[in-house]
Each structure stands twice: as structure tokens, then as C-alpha cells.
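# Commentary on secondary and tertiary structure
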Amino acid sequence: MQRNFNTFDITQDIQPTHIETCQDGVKIQWSGGSHESFYPWDFLEFYLKSDKRALEPFEPEHFGAQGAQGAQKSSAWPPSLNYGDFSENESKVVGRLTDFIRRNGFAFINEVPVEFAEPTEKLLENIAFIRQTHYGGFYDFIPDLALADTAYTNIALGAHTDTTYFTDPAGLQAFHLLSHTDPSSNHHSSTNLGGQSLLVDGFYAASILKKEDPKAFEVLSRVKLPWHASGNKGITISPDKLYPVLEVDETTGKMHRVRWNNDDRGVVPFDSGYSPVEWYEAARKWNDILRRKSTEYWFQLKPGSVLVFDNWRVLHGRSAFTGVRRICGGYINRDDFISRWRNTNYPRDEILKRVIG
């Protein structure tokens, strides 16, 4: 739905020439005779009392080491769906999946085929198209040091968000462990090969930081930093401007986005309201919270179980591993994810009212 006339063809001295009320609203014929407007009663009633529409009511359900936190915690943990459910009612199940991710920060889809990567790719495309980056689109890889990114190694990775170096970081990220084998073993057993996965709720961690050290929270939400991807020859990606670690919604004061990967961070600037010394003190406190046992949610990825999480909120990592792991997955844009969430969880007319006004 787009505006189907040129607003600026309307003269500034336009006047109503005829006003007619009906059961559904008000019709207005304007001077010049070329245009008629219709205003539904609910539209008029709303704007007599308010100046703008609010977005969908939403409260994230924080999680920690033991699962969901607080009074609204779900009875079932972790949030999960089955692959077979998508063939029964795709729209309904995608609605549940996107709502899990929106509220809990992540979700699992179980019983996904592992013989090939294509079922995982098609599963992600049920949400939205897979984002292309300098690494490609849908990925299917084993450790490869030539890619100059720690994700493609077998070393331990601390909690971080991906694509901090993009103006618009990836909205969702997905992992599917297709296999994990030990080539030196005749039985190809995955026992004791390591590679446990880690999730940390960045919004929960930020709430802890704000409560325990308000100044540290303020520093990390005010000091804007350079971020970069420059490990591969011919690639030097950085955002359109500097961004803080913690981005706060200017209207609500609530957390909007976490941007944290210390390996991709540039030099802390000297020209902000806080010194680099103050930033490092705040970052150390933030790092300590991310590494607390109470905030780290550890689990073992298994073949057949796809993990999809909100990269604007949830940090991820892993323990070191041996053997050969084959992982597939991809990124999905934030705007496309939110659009799919809206359209599978709310009526169309309600969505349009919220996004158009």
C-alpha cells in the first residue's frame, strides 16, 4: 500500500467543500473537485487523543544459565519446535518460531534432516531470504583458517555478536551442526570432542550492569566506537558511523541492540565525554557479567537441531573442540525478520495501523 497521489500537487489554500458522515467514517470533498478523503471513525477517535501509533506491545523474557528469568518465564524450556510441524501449517508455525525468537531471544527446531544442508536452508527461507555477506550467503563449512575469522577455527570463542562491522548487523543467525566426528577414531564418536555452544542474553546482562554499575552502563551506551572487518585481503568493512556497545531506544529508554565483539573493535576514541580509561573500566565490568556462570547458557548442539537466535540481543560463543565439525546456517536481515513476525502474529489491518499511522 503506497500513497497514490502527489501530496505537493495539492494547493496550500485547499478547503473542504462537502463533508458527509456515514456508518464507517467521514467523507470530505476538497476544493478543486479532484480529490476526496475518507477517515474511518476509529482513525479520528485515535488521533483526537494521541499524536502517533505505538509499536506492538513487547517485553523480552530474559534468560540465564537456568533458563528463563522472572515471573513470566515459560513452562517449556528451551523454546523449541519440530521440523515436521512446518509442513502442517507453515504460517502458524513460523509465527510461533518468530515469536519465540522475539520474546526469548532464540529457538530450536528439532528433527531437521542432516544428510544434506538444503533442508536447513529451506527452513531459514521460511522466515525470510538469507543475507549475502563477504562470506557468501547460506554457509556450509568445516574449520578453515584461510577465511581469517575465528569462527572458522576450532578454538574457544567468548560471547559476542556477529557482524558488528555492518551499519545494519545481521538480525538473525542460525547454526546447524550436521556432523562432528573424530577422524582418528574407527567409531567416529562425537563423545568428548568438545565444542559446547554458549548463549548469553545481552539484554539481561545489560539490565544487571545498569543495576550494579549505572555509570558503566552509561559509558557503554554513550561512547561510540569504530568496528571493522579487515582480516581478508581486499575486505575492509566498517559501519557508516561509530556505534556504542549498548544501544538504547531514545523514546522508551529500553535496550535496542547489543554490538559486542572485542576482536572486531577499533581504538577507543579520546574525544567523547568519557576517557578511554573509564571506557575500559566499564567494558571490564561488562565482560565480567557476560562470563558469570549465572548468565552463561551452555548446551551441546546436536545433528538435527537447528538453533536460530536474535543477533541484536543474544551473544554466542563456544568451547574449543577436536575432530571435524560440519556446520551450516546463515544470516537473516532484522527488518525482514520483524516483518515476518508481525505478519504471522497480528492481523493485517492492525499491522498497517501501527506502521503507517
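Refer to the preceding data block for the structure.
Presented here is a report on the structure given in the accompanying data block. Because the structure is predicted, anything quoted here is derived from the model rather than measured.

What counts, and where the lines are drawn
The residue count restarts for each chain, going from 1 along the sequence in the order it is written. The model is predicted, so local features are restricted to residues of pLDDT at least 70 and side-chain atom pairs to those at 80 or more, both for listing and for counting; the totals for chains, interfaces and linings are taken over all residues. Note that water and hydrogens are dropped before the side-chain values are worked out from all heavy atoms of the structure. Per the convention used, a helix needs a DSSP run of H or I reaching at least four residues, while a strand needs a run of E reaching at least two, with both numbered from the N terminus. Buried, partly exposed and exposed residues are distinguished by accessible area as a fraction of the type maximum, computed with a 1.4 Å probe on protein chains only: under 20%, between the cut-offs, and over 50%, respectively. Should any heavy atoms of two residues lie within 4.5 Å, those residues are counted as being in contact. Here, Shrake-Rupley sampling with a 1.4 Å probe gives the accessible areas, and only protein chains in the shown set may cover a residue. Only centres within 6.5 Å qualify two rings of Phe, Tyr or Trp (six-membered ring in Trp) as a pair; their planes then separate them into stacked at under 30 degrees, edge-to-face at over 60, and tilted for everything else. Should the NZ of a Lys or the CZ of an Arg lie within 6 Å of a ring centre and within 35 degrees of the ring normal, that charge is described as sitting over the ring. At least two bridges found by DSSP between two strands are what make those strands a pair. Axes here refer to lines fitted to C-alpha atoms; in helices the fit is confined to the stretch in contact. Angles between the N-to-C directions go from 0 to 180 degrees.

### Some details on the overall build of the protein chain
A tally of helices and strands in the protein chain yields eight helices and 17 strands. Seen along its three principal axes, the alpha-carbon backbone of the protein chain occupies a region of about 85 × 55 × 50 Å. Within the span of the protein chain, comprising 357 residues, buried residues form 42% of the whole. Long-range pairs, those at least 24 residues apart, make up 72% of the contacts in the protein chain with a sequence separation of at least 6. Surface summary for the protein chain: the accessible area is close to 19,500 Å², and the carbon and sulfur share equals 50%.

### Concerning unusual backbone geometry
A cis geometry characterises the amide bond from Trp77 onward to Pro78, with omega recorded as -5°. Despite not being glycine, Glu111 has its phi angle at roughly 65°, a positive value. Residue Glu111 is classed as exposed on the basis of its relative accessible area, which comes to 60%. Backbone geometry places Thr163, a non-glycine residue, at a positive phi of 50°. Accessibility expressed as a relative area gives 2% for Thr163, which makes it buried.

### Looking at the packing of aromatic side chains
Within this structure, the stated rule accounts for 19 aromatic pairs. An angle of 75° between the planes, with centres 5.0 Å apart, marks the rings of Tyr165 and Phe166 as edge-to-face. With 5.9 Å between their ring centres and 40° between their planes, Phe175 and Phe309 make a pair best called tilted. Taken together, the positions of Phe175 in strand β10 (residues 172–181) and Phe309 in strand β15 (residues 306–310) put the pair 134 residues apart, joining distant regions of the chain. As far as the burial class goes, Phe175 and Phe309 line up, both buried. Put simply, the rings of Phe63, Trp77, Phe106, Phe108, Tyr297 and Phe299 pair up and form one aromatic cluster. In this structure, Arg102 packs its charged tip against the face of Phe58, placed 4.0 Å from the ring centre. Sitting over the ring of Trp341, Arg102 keeps its end group 4.7 Å from the ring centre.

### Here's the deal with the sheet that holds strand β16 (residues 314–318)
The four strands lie next to each other as β9-β16-β11-β14, forming an open sheet whose pairing is antiparallel. Of all the strands in the sheet, the pair left with one neighbour each is β9 (157–160) and β14 (296–299). Taking the axes of each pair of neighbouring strands and ignoring which way they run, one obtains an average angle of 20° across the sheet. As paired strands, β9 and β16 are joined by two bridges and run antiparallel to one another.

### A short note on the side chain of Ser197
Relative to the elements of secondary structure, Ser197 occurs in strand β11 (residues 197–201). With relative accessibility at 8%, the residue Ser197 sits in the buried group. Apart from the residues lying within four places of it in its own chain, the contact partners of Ser197 are Tyr297, Trp298, Phe299, Leu301, Gly317 and Arg318.

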